[in-house]
Number of protein chains: 2
Amino acid sequence: MPNIDVCLSPQLIGQYGAEGKIVVVVDILRATSCMVTAFANGVTCILPVETVEECAEFKTKGHLTAAEREGKIVDGFEIGNSPFSYLQPNIKGQTIGITTTNGTKAIKLSAAAEQILIGAFLNKTVIAQYLLAQNKDVLIVCAGWKNKMNLEDTLFAGALVSLLETSFISVNDSAVASKVLYEAAKNNLFAFVTQNSSHYKRLKNLNLDKDIAFCLQQDIYQVIPTMKGSEMVAMQLTAANSK
Amino acid sequence: MPNIDVCLSPQLIGQYGAEGKIVVVVDILRATSCMVTAFANGVTCILPVETVEECAEFKTKGHLTAAEREGKIVDGFEIGNSPFSYLQPNIKGQTIGITTTNGTKAIKLSAAAEQILIGAFLNKTVIAQYLLAQNKDVLIVCAGWKNKMNLEDTLFAGALVSLLETSFISVNDSAVASKVLYEAAKNNLFAFVTQNSSHYKRLKNLNLDKDIAFCLQQDIYQVIPTMKGSEMVAMQLTAANSK
């Protein structure tokens, strides 16, 4: 059986190793939730970059640009890090440059993977179905908060482990720890996150409860964003690669 | 209120910062459980070192030496990493050089702390009482397994957070995640660890169930090992520094 592991902080990727694996990058609040929402609503391409400066350059190429730091939109950018920005009709068919505090960094650090998928509660089951059809080692990379673990990304990892555990093995403890955490939280994910998450406490002052409730919805989208070189695109799902 | 944090891997210590804090180092299976057992049974001093070579040098000084790698005693050393070794009458009054796969490394990486305590389930409550009396920031450093998180150290962290949470705050998520994990496991810690821990699966082949059952006993000892420079000694507990 293939292996499944959970990397609780981008700083630990080297300990687990991305080489030859399918990596699922997750940053529930809010980068990967935004990316899934974007593709589900017709965005053609996302260009994730680590720095605000790189992101600003995309403006000169006529792209939309989204930049977030410390939970807030960076001055001079059209879009911050709210999934509702990607529900606007004007984003259809666009290419969007994105930089965020944690999520885009986790994507870059996963570059050695055979394939990088973008996961969120919003597309959790379609991701699980795709992984079940591949029969390859999986590493879930939690973006966390500034290289520390966070609750919401670990909860997503636990949810995915729950869906996959009968077809995968794990030789490390973070997969089972994530699953136990998810089991404790799953009956009321919103209450669990808003009562316990430090990042929620950061965002609370920014009045983002609506964003958080949106990001904790499960399986409303059937799209899997994936990296093709430095570009993120929607994967073409077929009966052959998903079950 | 002072802060409490849990560092799930020694590699993440830099993210949390040990400076000015009381660090509790934990390696339940089995380094810190052994150290607590050693001092509870009359060992005078432990010299924790990172390499087998450094440890071997202590022999020439007439000290006992304990060396473990991959769960097994290293050839040429008197003691491995079993707490039962420290229940022998011949260890009373001795100085012991120790090196282990994960635990001694975690101690070295915590060197910037104001004070380093050695924690285990065996002395959990006396550690909590001491910390409650100090009113200082606390960082629990889990030794983990080769820089990955592990279950048993995280469970100890959760147990300690449970005892301290009304007198400490936490701005990061690993403290609450550890506590939730402990809550799920506490009614049958031995079953939880033996069913789920990857390190248990490693040790199982070495027939160490007796060791593991010993290390999961709670509060059988009232001793707190602490670092004085490069030496580990038993803290002198008084009514003033413990409550």
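All values reported here derive from a predicted model rather than from experimental measurement.

Caption draft 1: Summary view of the overall build of chain A. Check the secondary structure of chain A and you find ten helices and ten strands. Here chain A has a C-alpha radius of gyration of 16 Å; the compact-globule value for 243 residues is 18 Å, and the two agree. Across the 243 residues in chain A, those meeting the buried criterion constitute 62%. Put simply, of all contacts in chain A between residues at least 6 apart along the chain, 77% involve residues at least 24 apart.

Caption draft 2: Seen up close, empty space enclosed by the protein. Under the counting rule described, the total for this entry stands at four cavities of 30 Å³ or more. In this structure, the largest cavity spans a volume of roughly 100 Å³. Along the wall of the largest cavity there are 14 residues; nearest its centre are Met149(A), Ala177(A), Met149(B), Thr154(B) and Ala177(B). Every element with two or more residues in the lining of the largest cavity is listed here: helix 7 (174–185) of chain A together with helix 7 (174–185) of chain B. A class-by-class count of the residues in the lining of the largest cavity yields eight nonpolar, six polar and no charged.

Caption draft 3: Inspection of the side chain of Asp5(B) at higher detail. All names here are of chain B. Looking at the secondary structure, you find Asp 5 in strand 1 (residues 4–7). Buried Asp 5, no salt bridge; nearest opposite-charge side chain is Lys 21, N-O distance 4.7 Å. A distance of 3.0 Å separates the side chain of Asp 5 from the side chain of Asn 172, its partner in a polar contact. Excluding anything up to four places from it in sequence, Asp 5 contacts Tyr 16, Val 138, Leu 139, Ile 140, Ser 170 and Asn 172.

Caption draft 4: Expanded view of the relation of the copies chain B and chain A. After a rotation of 180° and a shift along the axis of 0.0 Å, chain B superposes on chain A with an RMSD of 0.0 Å. The superposition operator between the copies reduces to a two-fold rotation axis. If distances are taken from each C-alpha of chain B to the rotation axis, the shortest is found for Leu181(B), at 3.2 Å. A symmetric contact is evident, with 100% of the interface residues of chain B recurring at the interface of chain A.

Caption draft 5: Spatial organisation of helix 8 (residues 189–196) of chain A. Among the eight residues in helix 8 of chain A, six count as buried, and that is most of the element. In this structure, the buried side of helix 8 of chain A is in contact with helix 6 (151–164), helix 7 and helix 9 (198–204) of chain A together with helix 7 of chain B.

Caption draft 6: Just the nonpolar core, in detail. Ranked by size, the top nonpolar core spans 164 residues in total, and within it Leu131(A) and Leu131(B) carry the most contacts. Counting residues in each nonpolar core, the second largest holds nine residues, with Cys45(A), Leu47(A), Phe58(A) and Ala67(A) among its members.

Cut-offs applied
Residues numbered from 1 in each chain as written. Chains lettered and ligands numbered in written order. Predicted model: local features only at pLDDT ≥ 70, side-chain atom pairs only at ≥ 80, totals over all residues. Heavy atoms only, no water. Helix = DSSP H or I, 4+ residues; strand = E, 2+ residues; numbered from the N terminus. Rg over C-alpha atoms; globule rule 2.2 N^0.38 Å. Buried < 20%, exposed > 50% of the residue type's maximum accessible area, 1.4 Å probe, protein only. Contact = heavy atoms within 4.5 Å. 1 Å grid on protein atoms, 1.4 Å probe; cavity = no way out; pocket = protein on both sides within 12 Å on 5 of 7 lines; lining within 4 Å. Points joined across faces, edges and corners; volume = space filled by probe spheres on them. Nonpolar A, V, L, I, M, F, W, Y, C, P; charged D, E, K, R; others polar. Lys, Arg positive; Asp, Glu negative; His and termini not counted. Salt bridge = Lys/Arg side-chain N within 4 Å of Asp/Glu carboxyl O. Polar contact = N/O pair within 3.5 Å; in protein donor to acceptor, adjacent residues only side chain to side chain. Least-squares fit on C-alpha atoms with pLDDT ≥ 70 in both. Core = buried A, V, L, I, M, F, W, Y, C linked by side-chain atoms within 4.5 Å.

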